[in-house]
Amino acid sequence: MKRILILAIAALIMAACGNKTEKGGDNDSTATAETAGAEMSDSVRMSSLKTDSLSYEKVEDIYKLSYFVDYPVEGSDSLVKSVRAFINDYLGGAYEGPLDNGPDMLKRNGEIEFGNFLETCGEKDDEDVNEMFMKKMVNMRYETNTFVTFRAFTSQYFGGLHGIAFESGHTFSKINGKMFGYDMMKSLDSPAFKQLIKEGLRKFFSKEDDEQGMSDEDLKNELIAFNGSIDELPLPDTEPYMTEQGVTFIYQPYEISYYAAGRPEFTIPFNDVRPYLKPQAIELFL
């Protein structure tokens, strides 16, 4: 079981989060929708992306798979198509039909991934395990006149000591639907930018009442999955994304620190990160 968990961790991190036996029928699965919209100012709402809240669930014995997504239903054609394609890929990419049918997309991906989930779990070998699960969520978190950001979340438990969860952010331009990540940035190997990464991690691990601040040695002790220089920290495998504060970076569990640290993340304010953004990314903040 430990080997299975390690393989699952590696696969999800490399994919920045992302199957064949088909079991069950309509009686053990659901696909529902209800309209949901983000609360925004009138000026933003005029060009806002409208979404429906879609869900899918499949249960068999102790095994459970569930999806919850904010699915685009109205907005610029390029943006709607881009976000829908991303959600389909994130849920497994098994659906090949028209993406305007969100419930069918969820159901098809769910049926295929549930089969893969059962295969990965294997036979139950622990009498204390009451439930094994796979849960995926994609939610719209932030929107401006120029871009929209979604957060994607995967939580899973295949047995063993504990489950594990992965989270990532994905920013889409309203101008052309392009999804931005590291390709919106430049000079990431520069010493000055590496210092921003170090300070971001220092802030994440520092205690709120620590007026002295965390030393380099203390920070190094927190980063037990990294053996290099504290001034040459690696970038997260997960792509960065835009928020109202700036650009957010997130490391997945075990990527740079211990399990109990969760997902180390921090946001570099726009004024600080602007020198490292390409012109097309800077335009999104204006």
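Scroll up to find the structure.
Residue positions are counted from 1 within each chain, in the order its sequence is given. Per-residue local features of the predicted model are confined to residues with pLDDT of at least 70, and side-chain atom pairs are confined, for both listing and counting, to 80 or more; whole-chain, interface and lining totals are unaffected and use all residues. Hydrogens and waters are ignored; side-chain quantities use all the structure's heavy atoms.

**Notes on the overall build of the protein**
For step 1, the next point in the chain: The helix count covers DSSP runs of H or I at least four residues long, the strand count covers runs of E at least two residues long, and both are numbered beginning at the N terminus. The number of helices and strands found in the protein is eight helices and 10 strands.
For step 2, the next point in the chain: Only protein chains enter the accessibility calculation, which uses a 1.4 Å probe. A residue is then buried if its area is under 20% of the maximum for its type, exposed if over 50%, and partly exposed in between. A total of 286 residues make up the protein; the buried ones form 48% of that total.
For step 3, the next point in the chain: Only the protein chains shown count as cover for residues, and the accessible areas themselves come from Shrake-Rupley with a 1.4 Å probe. In the form shown here, the protein has an accessible surface area of approximately 14,200 Å², with 49% of it arising from carbon and sulfur atoms.

**A few points about the packing of aromatic side chains**
For step 1, the next point in the chain: Each aromatic pair joins two rings of Phe, Tyr and Trp (for Trp, the six-membered one) with centres within 6.5 Å, and gets the label stacked for planes under 30 degrees apart, edge-to-face for over 60, and tilted for any other angle. The tally for this structure, following the rule as stated, stands at 16 aromatic pairs.
For step 2, the next point in the chain: Considering the side-chain rings of Phe133 and Tyr157, the 6.3 Å spacing of their centres and the 35 degrees angle between planes classify their relative orientation as tilted. A residue pair is termed long-range when its members are at least 10 positions apart, and Phe133 in strand S4 (residues 132–143) and Tyr157 in strand S5 (residues 147–157) qualify at 24 residues.
For step 3, the next point in the chain: What makes Phe133 partly exposed here is its relative accessible area of 25%.
For step 4, the next point in the chain: Under the relative-accessibility criterion, Tyr157 is labelled buried at 14%.
For step 5, the next point in the chain: Here Tyr142 and Phe147 contribute two aromatic rings whose centre-to-centre distance is 5.8 Å and whose plane-to-plane angle is 55 degrees, an arrangement assigned as tilted.
For step 6, the next point in the chain: Members of the aromatic cluster, connected to one another through ring pairs, are Tyr63, Phe114, Phe117 and Phe158.
For step 7, the next point in the chain: In this scheme, the term charge over a ring applies when either NZ of a lysine or CZ of an arginine sits within 6 Å of the ring centre and within 35 degrees of the ring normal. In this structure, Lys178 is placed above the aromatic ring of Phe180, and the distance from its NZ or CZ to the ring centre is 5.4 Å.

**Looking at the sheet that holds strand S10 (residues 265–269)**
For step 1, the next point in the chain: Two strands qualify as a pair provided that DSSP identifies no fewer than 2 bridges between them. Strand order in the open sheet made by the three strands is S8-S9-S10, with antiparallel pairing throughout. Each edge of the sheet is formed by a strand with only one pairing partner; in this case those strands are strand S8 (241–242) and S10.
For step 2, the next point in the chain: Whether two residues touch is decided by their heavy atoms; if any such pair falls within 4.5 Å, the residues are in contact. For helices, the fitted axis covers only the stretch in contact; all axes are lines through C-alpha atoms, and the angles between them, taken along N-to-C directions, range from 0 to 180 degrees. Packing against the sheet, helix H5 (residues 191–205) makes contact with strand S9 (246–250) and S10, and its axis sits at approximately 130 degrees to S10.

**Concerning the environment of Ala94**
For step 1, the next point in the chain: By the secondary structure assignment, Ala94 is in the loop between helix H3 (77–90) and helix H4 (102–121).
For step 2, the next point in the chain: Classification of Ala94 by relative accessible area gives partly exposed; the value is 25%.
For step 3, the next point in the chain: Ignoring sequence-local partners within four residues, the contact set of Ala94 consists of Asn88, Arg108, Asn109 and Ile112.

**A word on the pairing of strand S2 (residues 50–60)**
For step 1, the next point in the chain: Note: S2 against strand S3 (residues 63–74), 11 bridges, orientation antiparallel. Residue pairing across strands places Val59 opposite Lys64, the latter belonging to S3.

**So, the pattern of salt bridges**
For step 1, the next point in the chain: One speaks of a salt bridge when a side-chain nitrogen belonging to Lys or Arg is within 4 Å of a carboxyl oxygen belonging to Asp or Glu. As enumerated under the stated definition, the model contains 13 salt bridges in all.
For step 2, the next point in the chain: Linking Glu167 and Arg151 is a salt bridge whose minimum nitrogen-to-oxygen distance equals 2.9 Å. One end of the pair, Glu167, is in strand S6 (residues 164–173); the other, Arg151, is in strand S5, and 16 residues separate them in sequence.
For step 3, the next point in the chain: Overall, the relative accessible area of 9% leaves Arg151 in the buried class.
For step 4, the next point in the chain: One salt-bridge network, in which partners are shared between bridges, spans Lys198, Glu199, Arg202, Asp216 and Asp231.

**Topic: the environment of Glu143**
For step 1, the next point in the chain: Relative to the elements of secondary structure, Glu143 occurs in strand S4.
For step 2, the next point in the chain: Classification of Glu143 by relative accessible area gives buried; the value is 7%.
For step 3, the next point in the chain: In this structure the C-alpha to C-alpha distance between Glu143 and Glu244, which are 101 residues apart in sequence, comes to 8.5 Å.
For step 4, the next point in the chain: For this analysis, a polar contact is any N or O atom pair within 3.5 Å, provided that within protein one partner can donate a hydrogen and the other can accept it, and provided that sequence-adjacent residues contribute only side-chain to side-chain pairs. Within the local environment of Glu143, its side chain forms a polar contact with the backbone nitrogen of Leu49, the two atoms lying 2.6 Å apart.
For step 5, the next point in the chain: At a separation of 2.6 Å, a polar atom in the side chain of Glu143 contacts the side chain of Lys174.

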